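# Survey of secondary and tertiary structure
Okay, here's what each chain looks like letter by letter:
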Amino acid sequence: MHISLKEAYYKILTNNYSDVIFRGVVVAVVVAILVGWFRKGCERRIKKGEIPGKLGVSFLGETFSFLAAANSTRGCYDFVKQRRIRHGNWFKTRILGHVHVFVPSTEGAKRVLASDHAAFNKRFLKSMADAVGKKSLLGVPQEIHQRIRRLLSDPFSMNSMSKFVPKFDLELCERLKRLENEGKSFRVLDFTTKVAFDGICEMLMSVRDYSTLRKLESDVDAVNEAMLSFPVMFPGTRYYRGMKARRRLMETFTKMISKRRSGEEAPADDFLQSLLERDSYPPEEKLDDQEILDNLLTLIIAGQSTTAAAIMWCVKFLDENKHVQHTLREEQLSILRKKPDGALLKYEDLASMSYASKVRENLNQTTYLFYIHTRAVVKETLRMANVLLWYPRVALQNCTIEGYEIKKGWNVNIDATQIHYDSTTYEEPYRFNPSRFDEMQKPYSYIPFGTGPRACLGINMAKVTMLVFLHRLTSGYT
């Protein structure tokens, strides 16, 4: 059969259009089905209270993405931010075999933190738990936690803080003076890390020898780095180095205890001695040796890194906000003028703002302004810096929070960072504005140290350290 060129072209053209039309119809049908499934999935998720997120494959889940962020310059919270962009404020993920739900609201924080011990308990990643030890205050169950917390409270009592403030002030003044005389520059975080570390070691164990402090600091740094690592004892890894460093620290602490008990080393007026003096007490009124060892390390880690980082951020914020810096300096200079030359600060100079209404009549106006405005600077720094990014808990039973279903055994992370930057709670949350604390804050909207029965034990020490540092820095230097 013969057809003309025109007929052939027409046939090809119509056949191609038929293919295009057919494919278009198929694509449209597929898209419609997918959209329908997606809408049904969304409706089902809302209806059943499911939390959006990606759990990934069994056990591993998104572990490698989390560790990659934690070990990068972005930091582990970048992992959270990226998932919040994808899934929304509430989301779930799986890390090292455990489902983690991130709770971003004051209502959620209240529901969880107010139910500590009853409906929730503390749980850390395996690497964190291994680093601080099985008998650390951070991870023990309720019945043990209450006893250990009570026996650890002495170093943070009013009496201990009264001894600590002038000692820390003297050491800080001497270090700043040496740097001034040498005309050397320094990195704030390096400086504050050593100051905070040496201060906590002296208070806990009366360790003052420079070489001993630096060896201890090196091992503590290795343990810190292992806390967010893949928990496999393979030579060369962060976890391996951290666990080796932990073993050395336990040996060092054990030798200290043995020397004191044998009389080889004279008793000291410190935290360790107060625990050893309870050796003859009933079991419920003392800590066993492993509890002492694990909690010495816990207190050092908690008292060093977070406080040092908070001071660093405070310096940064003050440098970027000159008007706050100038106001703070004038307040500190006013206090300095009223004290004898060379006099050290006392704990009374750093009276807590929460007692303002009770003690104001007993203090002069200058001192009152000091702890009003200086503590506001500290509070705003802790709000913005978020040195503790979130608070991990484990659900002890099935429950529902803000309509979202939480299953027993899931990790529930109270996202302090998200709460502190919530624009519905804080006006212009990314602006450093200490005066925002002139007004009472919404409950559970300010949780830099947590709250409830598991609130940070060293909250007063951290604040006191920051206040002393701010006084010396702003009253002595520009």
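Please read all numbers here as calculations on a predicted model, not as lab measurements.

### Observations regarding helix H7 (residues 158-182)
Here H7 is 25 residues long and its end C-alpha atoms lie 36 Å apart, about the 36 Å a rise of 1.5 Å per residue gives. Of the positions making up H7, those classed as buried are Ser-160, Met-161, Phe-164, Val-165, Phe-168, Asp-169, Leu-172, Arg-175, Leu-176 and Leu-179. Tucked into the core, H7 has its buried residues touching helix H8 (188-205) and helix H17 (459-476). Positive phi shows up at Gly-183, right after H7, with a value of about 65°.

### Here's the deal with the pairing of strand S2 (residues 91-95)
Taken residue by residue, a regular strand's side chains alternate between the two faces of the sheet. Burial of S2 is extensive: 5 of the 5 residues sit out of reach of the surface. Judged by which residues are buried, S2 turns out to be covered on both faces: Phe-91, Thr-93 and Ile-95 on one side and Lys-92 and Arg-94 on the other are all buried. Pairing of S2 with strand S3 (residues 98-103), which is carried by 5 bridges, proceeds in the antiparallel orientation. In the strand pairing of S3, Arg-94 is matched with Val-99. Between S2 and S3, which pair antiparallel in sequence order, lie 2 residues; one of them, Leu-96, sits at a positive phi of approximately 50°.

### Digging into the nonpolar core
Core analysis: the biggest nonpolar cluster contains 96 residues, and Phe-66, Leu-204, Met-205, Phe-253 and Ile-300 have the highest contact counts within it. Broken down by element, the residue count for this core peaks at 12 residues, all from helix H12 (residues 289-320). If we ignore the near neighbours within four places in the chain, the residues touching Phe-66 are Cys-76, Phe-79, Ile-95, Leu-125, Leu-228 and Trp-390. One finds Ile-51, Val-412, Ile-414 and Ala-416 within the second-largest nonpolar core, a separate group that totals 21 residues.

### Topic: the sheet that holds strand S1 (residues 53-54)
Reading across the sheet, the 6 strands line up as S1-S2-S3-S8-S5-S4 and stay open at both edges, with mixed pairing between neighbours. If you trace the sheet from one side to the other, it starts and ends with S1 and strand S4 (120-122), each paired once. Direction of pairing for S4 relative to strand S5 (residues 391-395): antiparallel, over a ladder of 3 bridges. What sits directly across from Asn-121, in S5, is Val-394.

Rules of the game
Residues numbered from 1 in each chain as written. Predicted model: local features only at pLDDT ≥ 70, side-chain atom pairs only at ≥ 80, totals over all residues. Heavy atoms only, no water. Helix = DSSP H or I, 4+ residues; strand = E, 2+ residues; numbered from the N terminus. Expected span 1.5 Å × (residues − 1). Buried < 20%, exposed > 50% of the residue type's maximum accessible area, 1.4 Å probe, protein only. Contact = heavy atoms within 4.5 Å. Pairing = 2+ DSSP bridges. Core = buried A, V, L, I, M, F, W, Y, C linked by side-chain atoms within 4.5 Å.

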